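# Coordinate analysis (summary)
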Amino acid sequence: MNPFCCFSANPPNQADGKGTKAGVGNAMLEKQGYPNEFAVGLKNSCCKDPCACICSAIFMPCGISACYFRYKVLTAFGNGVQDYVCCQGYIPKMCCVDWPNTCQGSAIGLCCEGCCCPMLGLSIARLHLMDAKQVRPDPMDYQIIAFSNCCQILSCFCNLAAMCCDGLDELAALIDCIADIITGIVAGCMGAQINYELKTMNNGGGVTAQTMQRDA
């Protein structure tokens, strides 16, 4: 049985949650009306670019994948690191932190983002590419990402249960390991998708350089 069938291929009307989660979620939903499609969906990206998939999955936990693809997308559609801002403006201003205007043009900021939030940084690179090329996500992309997120949520609940109930430590550790492996696989597919899109990009397609900054 395909586990992705448990998740809808249709995007929700709005993202749940607040702050970072809602910012990235709503940014993804905005892409639904774009006219173009990815050259390859997440489900097939590993077969199209296996080297990028393997490297992206292996180096995701330490942040190298996020830093690399953030830099590649910034360079492809702008002036490289000069166009960098924290989370590329996809995270709105929260409390006293003005994320859209933080670390502008900072290579150190890019490295810190990738190393501290490796999966988020990789997702930001993908969102930036989608905006620059006006690419909408494949319906199954939603299912794959939702499945990965659900596994991480399940892992959190199991770890909380293990804190309250004796004898659940090994089960919680097992589920945590499985969830991390699934997240790594999704990261590999994202990296392969981004890399393949950049390789097959039509240089005469009329995409203009832009920095994806948003109002807080």
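First things first, this report covers the structure right here in the doc. (Residues numbered from 1 in each chain as written. Predicted model: local features only at pLDDT ≥ 70, side-chain atom pairs only at ≥ 80, totals over all residues. Heavy atoms only, no water.)

Assignment of secondary structure puts R70 in helix α4 (residues 64-76). On the basis of relative accessible area, R70 is assigned to the buried category, the value being 2%. Non-local contacts of R70, meaning those with residues more than four positions away in its chain, are made with Y84, V85, C87, Q88, L110, E113, G121, I124, A125 and H128. (Helix = DSSP H or I, 4+ residues; strand = E, 2+ residues; numbered from the N terminus. Buried < 20%, exposed > 50% of the residue type's maximum accessible area, 1.4 Å probe, protein only. Contact = heavy atoms within 4.5 Å.)

Attention now goes to the pattern of salt bridges. Any two side chains of opposite charge can pair, so long as their charged atoms come close to each other. On inspection of all chains with the given rule, the structure shows 6 salt bridges. For D138, the salt bridge identified is with K43, shortest N-O distance 3.7 Å. Of this pair, D138 sits in the loop between β2 (135-136) and α7 (139-164) while K43 sits in helix α2 (residues 42-48), placing them 95 residues apart in sequence. In this structure K43 comes out as partly exposed when scored by relative accessible area, which is 43%. Its salt-bridge partner being K199, residue D49 comes within 3.3 Å of it at the nearest N-O pair. (Salt bridge = Lys/Arg side-chain N within 4 Å of Asp/Glu carboxyl O.)

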